[in-house]
Amino acid sequence: MSGRLIAIVGPSGVGKDSVMAGIVAASPKVGIVRRVITRAAEAGGEDFLAVTPQLFEQMRTEGAFCLTWAAHGLLYGIPEAARDQVAEGATLLVNLSRGVLPAAQKMFPGLLVLQLTAAPEVLARRLALRGRENAEEIKGRLARAEFAMPEGVAARRLHNDGSLDEAVAQALTLIHPESV
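Since the structure is predicted, the reported quantities are computational estimates derived from the model, not experimental observations. (Residues numbered from 1 in each chain as written. Predicted model: local features only at pLDDT ≥ 70, side-chain atom pairs only at ≥ 80, totals over all residues. Heavy atoms only, no water.)

A. Just the overall build of the protein chain, in detail. If you tally the helices and strands in the protein chain, you get seven helices and nine strands. For 180 residues, the compact-globule estimate of 2.2 N^0.38 gives 16 Å, and the C-alpha radius of gyration of the protein chain, at 16 Å, lies within 12% of that figure. If you line up the protein chain on its principal axes, its C-alpha atoms span 45 × 45 × 30 Å. Here the protein chain holds 180 residues, and 43% of them are scored as buried. Pairs at least 24 residues apart make up 66% of the contacts formed inside the protein chain by residues separated by at least 6 positions. As displayed, the protein chain has an accessible area near 9,300 Å², and 55% of this comes from carbon and sulfur atoms. (Helix = DSSP H or I, 4+ residues; strand = E, 2+ residues; numbered from the N terminus. Rg over C-alpha atoms; globule rule 2.2 N^0.38 Å. Buried < 20%, exposed > 50% of the residue type's maximum accessible area, 1.4 Å probe, protein only. Contact = heavy atoms within 4.5 Å. Areas by Shrake-Rupley, 256 points an atom, 1.4 Å probe, with all protein chains shown as cover.)

B. Structural view of the nonpolar core. L5, L67, I78, L96, L101 and V113 are the most contacted members of the largest nonpolar core, which totals 26 residues. Where this core is concerned, the elements lending two or more residues are β1 (4-9), β5 (65-71), β6 (74-79), α3 (81-87), β7 (91-95) and α4 (101-107). Looking at which element gives the most residues to this core, the answer is β5, with four residues. Discounting residues that sit within four places of it in the chain, L96 has contacts with A7, I8, V9, L67, W69, I78, L101 and A104. (Core = buried A, V, L, I, M, F, W, Y, C linked by side-chain atoms within 4.5 Å.)

C. Region of the structure containing the pairing of β5. With five of seven residues buried, β5 is to be regarded as a mostly interior element. Taking the residues that link successive antiparallel strands as the turn, the β5-β6 hairpin has two residues, and the phi of H72 there is positive, at about 55°. (Pairing = 2+ DSSP bridges.)

D. Spatial organisation of the pattern of salt bridges. All chains considered together, the criterion is met by three salt bridges. For R60, the salt bridge is made with E57, and the minimal N-O distance between the two is 2.6 Å. Here R60 pairs with E57, and both are found in helix α2 (residues 53-61), just three residues apart, close to one helical turn. Looking at R60, the relative accessible area reads 35%, which means it is partly exposed. With a closest N to O distance of 2.8 Å, E80 and R83 form a salt bridge. In this structure E80 comes out as partly exposed when scored by relative accessible area, which is 22%. (Salt bridge = Lys/Arg side-chain N within 4 Å of Asp/Glu carboxyl O.)

E. How the structure looks around the sheet that holds strand β4 (residues 49-50). Overall, mixed pairing links the four strands, which are arranged β4-β3-β6-β5 in an open sheet. With one partner strand each, in any of the chains shown, β4 and β5 form the two edges of the open sheet. With two bridges connecting them, strand β3 (residues 36-37) and β4 associate as parallel partners. Considered in β4, the bridge of I37 is made with A50.

F. Expanded view of the side chain of T117. Position of T117 relative to the elements: it lies in strand β8 (residues 112-117). Look past the residues within four positions of T117 in its chain and what remains in contact with it is V14, R157, L158, H159, N160 and D161.

G. Quick peek at helix α1 (residues 16-26). Residues of α1 that are buried: K16, V19, M20, G22 and I23. Angularly, the buried residues of α1 cover 160° about the axis, an arc narrow enough to put them on a single face. (Arc of directions from axis to C-beta.)

H. Looking closely at the packing of aromatic side chains. One pass over the full model with this rule turns up two aromatic pairs. Arranged with centres 5.3 Å apart and planes meeting at 0°, the rings of W69 and Y76 form a pair that is stacked. For Y76, a relative accessible area of 6% corresponds to the buried category. The positively charged end of R39 is found above the aromatic ring belonging to F48, 4.7 Å away from the centroid. (Phe/Tyr/Trp six-rings, centres within 6.5 Å; stacked < 30°, edge-to-face > 60°. Lys NZ or Arg CZ within 6 Å of the ring centre and 35° of its normal.)

What follows is the structure, given as structure tokens:
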């Protein structure tokens, strides 16, 4: 019995973590992959395992990850256990970088990609509120917000400009169209 990996992608501030939490609350059989990140634990946001760059490289060398990438000066890893869980029938959500999607498609047959979008002014407000980036870093993140999907990657778009409840309802429709 094979499960499914659902990649949630989109620019910083679009609400990926909030939408993922809402999906899990509404659909308890869906889980979230806990990423490993070389970011300080105090940075907040998602539930992640904070590691040093040295420990990350050691973990990568030891085969701890099925996917890794670098972005925004940080290293990100998806634990190898996610591949095992999907193979055993689990449905898992994971916050991925667009750049790693081609590798994820090869590794996880049936990968579903949900691309969250929001208006630039909404993104700017959300980024400022979370307080992790300065004004120049926010400007840089907004400049990258509209990058296209990699060639060969099909994504279902979900607009997250309104309420979280609306976004979660849209996501559930995209994930489980037969149950709506």
